[in-house]
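Chain by chain, the residues:
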Amino acid sequence: MNSATPQHSGFDAFAGPKLPRIVMAHGGGGQLTDALVHQLILPRIGNPALNELLDAGFTADGATAITIDSYVVQPLFFPGGDIGRLAVSGTVNDLAVCGCRPLGLALSLILAEGLEQRTVDRVLESISRTAQEAGVSILTGDTKVVGQGHADGMYITTAGVGVRREDSRLSMGAIAPGDVLLINGAIGEHGLAVMLAREMPEVKSVLRSDAAPLNGLLDVLQDAVPGVVFMRDATRGGLAGVCADIAARTHRQIVLDETRIPVRAEALHAAEMLGLDPLDIANEGKVVVVVRSRDASVALSAMQSHPLGRDACEIGRVAEMRDGLCVLHTAIGGQRIVQKPYGEQLPRIC
Amino acid sequence: MNNALSHNAEPRLLLQRLHAAAKNVKGRLAFMEVCGTHTTSAFRCGLHSVLPANVRLISGPGCPVCVTSQADIDQLVGLARRDDVVLCTYGDMLRVPGQHSSLEKIRGQGGRIEVVYSSLDAVALAQREPDRRIVFAAVGFETTAPATAVAIRRAEELRLKNFSALASHKTIIPALRALLEDRGHLKINGFLCPGHVSVVIGSDAYVPIVQEYGIACVIGGFEPTLLLAALACLTELAAEGKAALVNQYPQAVSSRGNGRAQALLTQVFEPADARWRGMGVIAGSGLRIRKEYERFDAQKVFALPVLQDCDPKGCLCGQVISGQIDPPRCSLFARACTPVNPIGPCMVSSEGTCAAWFKYGQKRMVNDGRQMQEAVL
């Protein structure tokens, strides 16, 4: 291998240069977000729990987890969801993929002067409905109002507390060669639905956000397969972000099979139009599940028995090779590397 | 659930055709694509890793961002710094470094840069904000130039006084000529001609290239099987020693192209010399806004000075764009220059050759893929 060829560990970025100011790409969930976390945040406030960089952080006894997430999506309402549904689903999912049952949520609303009360009410109604769907209550909250023109109308922050399922042994470190990667359905639809709604409202599309609380699905899965190895929801950074991260952190090669990764034709076309790779696009209701190969068929049946896992399928496996790369075997029989996206997803220009 | 990319027999048959034709060729073949979307599609589907050992597909000057000269980037950065200006740009231009800054950095410092998906978004912004001067960064080939023409015509209809375009549009045929004139540097056996550009200019536009230079031109689409079909065709032509023009994308490309788009281009623009990154000034390869529309020409409106063109030190984007070297030959590649901290435009644009090599792990994947292919075929 030529020494000039990059090693493609997603962690190269940590040694990257510090940009003097925050740019949008720092928020993209890609390599620059990693740089922000590792160069600025962890040096100041890092500790053993935080340094794990899990979707939720555990208390010292490992029994309770806490998570928090902010939602700044534009537009507030989009096909298949809205900022309220996102705010509940995202936080519930962060707990669920860590093997926790959500106990309750805290909700903070930042509202801009001039926002219609009707809009706030619609979002609250959606929050209420989604919380019911997830079987979780909002236990506390806060409201702030900021001047007109700030906060894009509305920002929401939700925190959540969960208790670890007693049978949960989830750990990225336990991922081993031969393990199988599963996903619960088609990818790319949330990011595309939002991007189309924001940038090309005149385009009519059947694509809808997949935003949904996944705790029910993951409970069914873990009831059937107590030995699930690892789970992560494929939000910002998409499927590529999750798989490249697993490869880099476990130092194993992850092999994905393009022909098995579920992508709807509409999503493929929309991604092509925007110049994006479906693997890079954010989902809000998709989870990557790693199981031992002997558990794969039971896990798949369990997932497929739940409405949010009907299209669940196997998409790849963990290989012996210790190069920390995620490799995609393509539909034409070729192969290429899958990396964590850089950051802000930019539309192409022709 | 159907996967939109599910296996079918077609790629296998096309690959067999391609490999069979390549066996009938003595020596090595290199074909050049000149379209950013071809670059991306080829890398994304792992095309390079399934090619026969004696066939290469190299990327030429097809990424609109990459061919834009440093001076043109600096001009945009300069405009973006002005308090009275809102600069509207296609997203790919945001992160291209100029000599001292990039649009992304100017935005981080409070400059108003709007990412638009359509030139008309910039016109609409000019309508909404009459107190601001809206400048549209008009880059790209014959694919985006008609959209700029539409925007200028629309601004005229609306009698807007606060809209202008900084046009650095380019045309592909003069660039192909320039590459072929300079053949000492470049040995290619045929062009994979761009799908989108050809929709506008039509397949007949390549006739002079084939006739004058005796080189094969095959117009191809973007899906993996269409790419494979175009390459199989190019390899078969090479094996037969034929220089011909073949339209392998007839579902979208006609012989005469899109007359309406061409008329718009002629109405608003006139051919002019243009500076390309790393390739210097190519005669007649640019589109300048005609005098009748000069009140929408940012160059004139802001009386912009001619800037010195100077590529970043050590950056070999120019040689990459003209197909002379592969990215790893540049000493900055994957060391000082990465997608997180790009130095040259080819590492910035998602359609850039360096970015694609970096992102998709070109060299290694080709080596591994070839072993896999040899086992299968």
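Here the structure is a predicted model, which is why all the values come from computation and not from measurement. Each chain carries its own residue numbering, running from 1 in the written order of its sequence. In the order they appear in the text, chains get letters beginning with A and ligands get numbers beginning with 1. At least 70 in pLDDT is required for a residue's local features to be given in this predicted model, at least 80 for side-chain atom pairs to be given and counted, and no such filter applies to totals for whole chains, interfaces and linings, which use all residues.

1. Structural notes on the overall build of chain A
Short version of the rule: Secondary structure counts use DSSP, requiring at least four H or I residues in a row for a helix and at least two E residues in a row for a strand, with both numbered from the N terminus. Computation of the radius of gyration draws on C-alpha atoms alone. For the globule rule, the value is 2.2 Å times the number of residues to the power 0.38. The exposure label follows from counting other C-beta atoms within 10 Å of a residue's C-beta, where the C-beta atoms are placed from the backbone and the thresholds are 20 or more for buried and 12 or fewer for exposed, leaving partly exposed in between. By the criterion used throughout, residues are in contact when their C-beta atoms, derived from the backbone, lie within 7 Å.
The helix and strand tally for chain A stands at nine helices and 14 strands. Here the C-alpha radius of gyration of chain A, 20 Å, is about what a compact globule of 350 residues would show, namely 20 Å. In terms of its C-alpha atoms, chain A occupies a principal-axis envelope of roughly 60 × 50 × 45 Å. Scored against the burial criterion, the 350 residues of chain A give a buried share of 53%. Taking all contacts inside chain A whose residues are at least 6 apart in sequence as the whole, residues at least 24 apart take part in 83%.

2. Structural notes on the nonpolar core
The condition is simple: The term nonpolar core means buried Ala, Val, Leu, Ile, Met, Phe, Trp, Tyr and Cys residues held together as one set by C-beta atoms within 7 Å. Domain delimitation follows an automatic or database domain assignment.
Grouped together as the largest cluster of nonpolar side chains are 221 residues, with contacts concentrated most on Leu182(A), Cys243(A) and Leu87(B). It is helix α11 (residues 224-240) of chain B that provides the largest number of residues to this core, a total of ten residues. Shared between two domains, this core holds at least three residues of each, these being domain 1 (56-164) and domain 2 (172-338) of chain A. With residues up to four places along the chain from it excluded, the contact list for Cys243(A) reads Ile254(A), Leu256(A), Val288(A), Cys326(A) and Val338(A). In terms of nonpolar packing, the next biggest core, distinct from the first, is built from seven residues, Leu32(A), Ala35(A), Leu36(A) and Tyr342(A) among them.

3. A short note on the confidence of the model for chain B
All names here are of chain B. To be explicit about the condition: As a per-residue measure, pLDDT tells how confident the predictor is, with possible values from 0 to 100.
The pLDDT averaged across chain B works out to 90; a share of 93% of its residues lies at or above 70. The low-confidence segment residues 1-7, where pLDDT is below 50, has 19 contacts with residues more than four positions distant or belonging to other chains. What the predictor reports for the complex is a pTM of 0.86 with an ipTM of 0.83.

4. Brief notes about the pairing of strand β11 (residues 287-291) of chain A
Residues and elements named next belong to chain A. Threshold: Should DSSP find at least two bridges between two strands, the strands are regarded as paired.
Counting buried positions over the five residues of β11 gives five, a clear majority of the element. In β11, alternate side chains face the same way, and those of Val287, Val289 and Val291 on one face and Val288 and Val290 on the other are all buried. Judged from the four bridges that link them, strand β8 (residues 180-183) and β11 form a sheet pairing that is antiparallel. The partner of Leu181 across the bridge, within β11, is Val290. When strand β9 (residues 230-233) meets β11, the two strands line up antiparallel, connected through four bridges. Bridging across to β11, Arg232 finds its partner in Val288.

5. Considering the domain arrangement of chain A
Residues and elements named next belong to chain A. Quick note on the threshold: Classification used: nonpolar for Ala, Val, Leu, Ile, Met, Phe, Trp, Tyr, Cys and Pro, charged for Asp, Glu, Lys and Arg, polar for all others including Gly.
With domains assigned, chain A is organised as domain 1 (56-164) and domain 2 (172-338). Distance between the C-alpha centres of domain 1 and domain 2: 23 Å. Contact residues are listed per partner, giving 21 residues for domain 1 and 21 residues for domain 2. Elements that contribute at least two residues to the side of domain 1 that touches domain 2 include exactly α3 (83-96), β5 (100-112) and α4 (117-134). Of the residues that constitute the side of domain 1 that touches domain 2, the class distribution is eleven nonpolar, seven polar and three charged.

6. Examining the sheet that holds strand β7 (residues 190-193) of chain B
Adjacent strands of a sheet pair through backbone hydrogen bonds, lying either parallel or antiparallel. All names here are of chain B. This is how the line gets drawn: A fitted line through C-alpha atoms represents every axis, and for helices the fit uses only the stretch in contact; the resulting angles, taken between N-to-C directions, go from 0 to 180 degrees.
A sheet is described by the order of its strands in space; here five strands give the open sequence β2-β1-β7-β8-β9, paired in parallel fashion. Strands with a single pairing partner mark the edges of an open sheet, and in this sheet they are β2 (55-59) and β9 (245-247). Between one strand axis and the next, the sheet turns by 20° as a mean value, whatever way the strands run. As paired strands, β7 and strand β8 (residues 216-219) are joined by four bridges and run parallel to one another. Across the sheet, the residue bridging to Cys193 is Ile219, located in β8.

7. Some details on helix α1 (residues 31-45) of chain A
It helps to recall that an α-helix has 3.6 residues per turn; residues three or four apart then point in one direction. All names here are of chain A. Basically, it comes down to this: Every helix has an expected span of 1.5 Å times one less than the residues it contains. What we call the bend at a residue is the angle made by axes fitted to the seven residues finishing there and the seven residues starting there.
Helix length check: α1 (15 residues) gives 20 Å between terminal C-alpha atoms against 21 Å at 1.5 Å per residue, within 8%. Considering bend angle alone, the principal kink of α1 is centred on His38 and spans about 30°. Gln31, Leu32, Thr33, Asp34, Ala35 and Leu36 are the residues of α1 that are buried.

8. Focus: the packing of helix α2 (residues 36-44) of chain B against helix α15 (residues 353-360) of chain B
All names here are of chain B. The test is simple: The scheme is simple: roughly parallel for angles under 35 degrees, roughly antiparallel for over 145, roughly perpendicular for 65 to 115, oblique for anything else.
Between α2 and α15, the least distance of the axes is 10 Å, while the angle of their chain directions is 10°. Classified by the angle between their axes, α2 and α15 sit roughly parallel to one another. Listed contacts from α15 to Thr39, Thr40, Phe43 and Arg44 of α2 are Thr353, Ala356 and Tyr360. In the contact of α2 with α15, the residues fall into three nonpolar, three polar and one charged.

9. As for the sheet that holds β8(A)
Residue and element names in this part refer to chain A. The strand order β9-β11-β8-β12-β10-β13-β14 describes an open sheet built from seven strands, whose pairing is mixed. The open sheet has two edge strands with one neighbour each: β9 and β14 (335-338). Strand after strand, the sheet turns through a mean of 25° between neighbouring axes, direction not considered. Relative to strand β12 (residues 313-318), strand β10 (residues 254-257) is paired through three bridges, and the arrangement is antiparallel. Its bridge partner lying in β12, Leu256 is registered against Gly316. Strands β9, β10, β11, β13 (326-329) and β14 of the sheet are contacted by helix α7 (residues 238-250), whose axis makes an angle of about 150° with β10.

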